Structure formats: C-alpha cells, structure tokens
Amino acid sequence: MEEFKKILEGKSKACLFTHPFPDPDAIGSMMGMSWALDKLGIKSNMYYDGAISHPQNKSMVNLLDLELIPLSNYDSDLYDQSTTLNILLDTVPDNAGAPSEVNFDMVIDHHKDFPLDYKGVYLNLKSGSACSVVYNLIEQLELEFEEDKLSDNKVATAMMIGITTDTEFLMSDDCSDHEFFAWSKLFQFRDPTLLKQIVNYERPKFWIDSKATACSKAIVDESVGVVGMGLIPQKHRDMIADMADEMVTWEDLHTAIVFALVDGSRIEGCVRTKASSVSAPSLCNELAGKYGLGGGKLGKGAYKYELCGAGIEEDDDEDIKLKTWDLFQDKEIRRVFRVVKNN
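For the structure given in this document, a descriptive report is provided here. (Residues numbered from 1 in each chain as written. Predicted model: local features only at pLDDT ≥ 70, side-chain atom pairs only at ≥ 80, totals over all residues. Heavy atoms only, no water.)

1. So, unusual backbone geometry
Glycine aside, a negative phi is what most residues show, and trans is what most peptide bonds show.
Inference 1: For Glu168, which is not a glycine, the phi torsion comes out positive at approximately 50°.
Inference 2: The topology assignment puts Glu168 in the loop between helix H5 (150-166) and helix H6 (177-186). (Helix = DSSP H or I, 4+ residues; strand = E, 2+ residues; numbered from the N terminus.)

As structure tokens, then:
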C-alpha cells in the first residue's frame with residue numbers, strides 16, 4: 001500500500017491498459033481502478049487493443065455506457081509522463097495491449113505468470129480474478145461506494161460480472177476468498193437488472209448455427225475433443241471460446257480444443273480442461289509453437305499463430321477457400337492430438 005501511495009505523488013492523470021481483446025474481468029478491473037483513482041482526485045482514460053466483439057463484452061460496453069478508448073487513439077503528446085500514471089490490469093507487460101513506449105508504474109494481475117524484468121509496483125493476490133484484486137485495493141484505501149449513485153452502481157455491476165465470468169460463477173478451482181469477499185461487499189451496490197442482462201447475454205444466430213455444425217464434426221479420442229469451426233470473421237472469434245466452454249461439459253470428455261481460421265490469416269484456438277493432469281497454459285504454449293502466442297490459467301487458455309502468405313485471400317474462389325480450410329483443418333487436428341499426447 002505504501003508503494004502505491006508513493007507512485008500517486010504528483011500525479012494528476014492516469015492511463016489504464018489491459019490485454020488485447022479485453023474480457024469482462026479486464027473491463028471490470030479497469031472500471032474499478034478508474035473509479036478508485038477518481039476518488040483520489042486522479043482522472044483516468046481506459047484504453048483497449050483489439051476488437052470488443054464478444055456479445056457479453058459488447059453488452060457491458062453498451063449497457064454500462066463505458067468510455068473505453070481504442071488504442072489507436074492513444075496520443076503520448078496528451079500526457080506529461082511526469083504527472084501521468086500508467087497502470088496495466090489483468091495481464092503482465094509482455095502480453096499488454098499498450099504502446100511499446102509506455103512504462104507501467106503499476107501492474108495489477110491475478111495470473112501465475114510473473115512479469116519478467118519489471119521494476120514497478122506489482123500487485124497479484126493469485127486469486128481467481130483481477131476485479132477481486134482491485135476491490136482489495138479499494139478496501140485498503142478505505143474508499144466507499146454509494147448505494148443510490150448510478151455511476152457507482154455501474155462500477156459495482158461491472159466488477160461483479162468480471163468476477164462471475166472469470167471464476168465460473170464462483171465455482172472455478174482458482175476462485176478464492178478474495179472473490180467471495182468482493183462479491184459480498186459489491187452486492188448491495190449492483191444494478192440487478194443490468195447484471196442479469198449482461199450475464200445472460202444473447203448469442204448471435206451465426207454462433208448457434210456454427211456450433212451446431214461443430215458438434216456433429218467434433219472428434220473425441222481418449223476423453224479429448226477437438227473440432228475446427230471453419231473460416232470465421234474477426235468479429236466472431238469469441239465463438240471459439242464459447243464452443244470450448246460448452247464442449248468441456250460433455251459426458252466422458254475432460255479436455256476440449258476448438259480452433260478456427262480467423263480472417264483467413266491466422267489459426268486461433270481455445271483450450272478448456274477439467275483434468276488435473278492437463279496444464280492449459282502449458283498446452284496452449286506448445287500449440288502456439290515457436291511462431292505463435294499461447295497461454296492461459298487454470299483450466300482454460302488460448303493460442304494463435306499467423307499463416308502469413310499461406311492464408312486465404314478475400315478474392316480467392318470459394319472452392320479454393322474450402323479446399324484450403326479442409327487442408328488446414330486436417331493438419332491442425334492431427335497436430336493438436338499429437339501435441340496433447342506428448343504433453
């Protein structure tokens with residue numbers, strides 16, 4: 001706490017960042033941190049990299065009137081670094097969606113990955129969500145929400161959604177006392193209508209149709225299920241994780257790996273597992289290979305790698321697109337099962 005108070009000295013502005021394609025926990029933790037800084041007299045801007053495409057995330061942004069700024073609009077000339085605080089939430093610097101020139105004064109995370117070569121203030125409670133870490137900080141600062149204040153209600157709601165989604169409704173293995181404490185304290189300040197709408201978000205028909213087709217094509221071998229979801233646009237990439245979440249609940253299946261060819265240029269995949277013998281972060285790292293990126297936390301993870309010149313061009317014939325996907329699908333399924341068996 002003393003280290004945090006020290007970096008606040010002389011600061012009048014703050015820039016908040018998180019990982020690319022922010023999820024509810026990333027969004028909620030940024031909102032909570034922005035609220036806390038505002039209480040301390042420091043105005044902040046929340047920046048994000050990548051699209052906010054998941055229907056639940058879009059519901060959060062729309063229903064809570066969030067003022068998130070695309071990273072492309074970040075202008076370092078707007079900030080005097082001597083009076084500006086740079087804070088990264090829900091990830092480590094290596095995975096940050098932030099300009100390379102930004103030096104973080106503080107990193108707030110909950111994952112097991114430790115930031116290498118980072119010299120600033122690092123706060124990690126090894127809990128199930130970044131929102132619970134931010135709420136712990138709010139408690140230590142003795143800041144209080146107001147029950148009848150709309151802005152406070154929205155922040156409390158966002159943080160509860162972040163906790164809910166990252167801990168599988170407080171049931172995940174990495175859920176901790178920090179989540180239960182934060183949930184109980186935030187409960188009376190929530191907006192119950194918005195909370196229900198966002199948690200029970202509506203899925204696009206494209207998702208439903210694609211997932212129905214994927215169910216019939218999934219290959220299951222020794223309790224591991226693998227399926228390719230075809231050629232999908234960037235705006236539907238979150239469907240991959242949604243399918244993996246559903247597959248891992250199937251009977252006699254402990255690990256689900258779902259992938260797709262996104263925008264014709266890269267393979268993106270998600271891993272979900274309930275097997276204690278399977279490390280999702282390690283598996284995703286291996287699936288990413290030496291040219292891609294992969295990682296995760298207990299029970300879940302993601303990986304991706306670029307296809308570069310081998311990808312599909314927009315003006316390719318439909319027949320060529322389908323044949324190319326069939327080739328990539330067959331190759332990736334075989335590769336995934338090979339990696340799983342060697343993991």
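2. Brief notes about the environment of Leu141
Inference 1: Mapped onto the elements, Leu141 comes out in the loop between helix H4 (130-140) and H5.
Inference 2: The spacing of Leu141 and Asn86 is 55 residues in sequence and 19 Å in space, taken between C-alpha atoms.
Inference 3: Here Leu141 is in contact with Met1, Phe4, Lys5 and Leu40, once residues within four sequence places are set aside. (Contact = heavy atoms within 4.5 Å.)

3. Overview of the sheet that holds strand S10 (residues 266-273)
Strands in a sheet are paired, the pairing made by backbone hydrogen bonds, and the direction either parallel or antiparallel.
Inference 1: The strand order across the open sheet built from six strands is S7-S8-S9-S10-S12-S11, with neighbouring strands paired in mixed fashion. Each of the sheet's edge strands pairs with one partner strand only, and the pair in question is strand S7 (219-221) and strand S11 (293-297). Within the sheet, the average angular offset between the axes of one strand and its neighbour, ignoring direction, is 15°.
Inference 2: In this structure, strand S9 (residues 255-262) lies alongside S10, joined through eight bridges in antiparallel fashion. Along S10, the bridge assignment pairs Leu261 with Ile267. (Pairing = 2+ DSSP bridges. Axes fitted to C-alpha atoms, helices over the stretch in contact; angles between N-to-C directions.)

4. Considerations on the packing of helix H8 (residues 205-217) against helix H9 (residues 239-247)
Inference 1: Here H8 crosses H9 at 50°, and the two axes come no closer than 11 Å. As the angle between them shows, H8 and H9 are arranged oblique. Seen from above, H8 lies across H9 with right-handed handedness. The segment H8 lies against H9, with Phe206, Trp207, Ser210, Lys211, Ala214 and Cys215 engaging Met239, Asp242, Met243 and Glu246. (Parallel < 35°, antiparallel > 145°, perpendicular 65-115°, else oblique. Left-handed = near helix turned anticlockwise from the far one by under 90°.)

5. Digging into the environment of Val271
Inference 1: Among the secondary structure elements, Val271 is positioned in strand S10.
Inference 2: Setting aside residues no more than four positions away along its own chain, Val271 makes contact with Thr255, Ala256, Ile257, Ala280, Leu283, Cys284, Leu287, Gly299, Lys300 and Gly301.

Spatial relationships are all this shows, so hold off on functional conclusions.
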